[in-house]
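Secondary and tertiary structure notes
One letter stands for each residue in the lines below.
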Amino acid sequence: MTHNGKAFFHQYVPLIKAKALSRMIPRIFAQGAGVTLDLEDSVQDTLAPENTPALKAQARDGLRYLVEEHAGLFEGHAFNLRINDQDSGEYEHDLALLADIQGQIRLRQVWLPMVRGPQAMQRCFDDLRQRGYEQTQITPIMETLEGVRRLDEIL
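Residues numbered from 1 in each chain as written. Predicted model: local features only at pLDDT ≥ 70, side-chain atom pairs only at ≥ 80, totals over all residues. Heavy atoms only, no water.

Strand 5 (residues 78-82) sits mainly inside the fold: 5 of its 5 residues count as buried. Alternating residues of strand 5 divide into A78, N80 and R82 and F79 and L81, and every residue in both groups is buried. Relative to strand 5, strand 4 (residues 34-38) runs parallel, the two sharing 3 bridges. Note on strand 5: the bridge partner recorded for L37 is L81. You can see the chain leave strand 4, run along helix 2 (residues 52-69) and come back into strand 5, and the turn it takes is right-handed. Bridge analysis of strand 5 against strand 6 (residues 106-112) gives 5 bridges, and the strand direction is parallel. (Buried < 20%, exposed > 50% of the residue type's maximum accessible area, 1.4 Å probe, protein only. Helix = DSSP H or I, 4+ residues; strand = E, 2+ residues; numbered from the N terminus. Pairing = 2+ DSSP bridges. Right-handed = clockwise from strand over helix to strand, strands pointing away.)

On to the sheet that holds strand 4. What links the strands of a sheet is backbone hydrogen bonding, and the strands pair in either a parallel or an antiparallel sense. Ordered by their spatial adjacency, 5 strands build an open sheet running 3-4-5-6-7, and the pairing between neighbours is parallel. Only two strands of the sheet have a single partner each, and these edge strands are strand 3 (10-14) and strand 7 (137-140). Strand after strand, the sheet turns through a mean of 25 degrees between neighbouring axes, direction not considered. Lying over the sheet, helix 1 (residues 18-30) contacts strand 3, strand 4 and strand 5, oriented at roughly 145 degrees with respect to strand 4. (Axes fitted to C-alpha atoms, helices over the stretch in contact; angles between N-to-C directions. Contact = heavy atoms within 4.5 Å.)

Moving on, we get to the nonpolar core. Core analysis: the largest hydrophobic core is formed by 38 residues, its most contacted members being L37 and L63. For this core, the elements supplying multiple residues, two or more each, are helix 1, strand 4, helix 2, strand 5, helix 3 (91-101), strand 6 and helix 4 (118-130). Leaving out residues up to four positions away in the same chain, L63 has contacts with L15, L37, F74, L81, L97, I101 and I105. (Core = buried A, V, L, I, M, F, W, Y, C linked by side-chain atoms within 4.5 Å.)

Here you go:
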């Protein structure tokens, strides 16, 4: 379903199973939905957290694989990408991936989790611009009481 020409529904897809996504993403678009590629919450091992960094690296490799081996998936579509929290240690890896694939994928929005204040938004804005994503919007995800209390400042 669309609203004003934009996808109204979005399917979050974890990038762990990239080969399956090469078949799934066209089906999602065929239903009129948008795609949000996820490097964050859907990519973790809650029972063995020590495995999570390897899973996050696998997810980044999954996006790199899709961009390199299935470039047609990205033609004519804008994607959203949920990246990792700036304090997670994974954020810098996500930015390095974005620098590597710049120009090969059109990102409509980057979803930034754990936003606690406007400085997080400014940092992400600057980081994306430095990597060539001048037109990409940032959507803050407030998951802390501090973020909710500072919502007016963030917006």
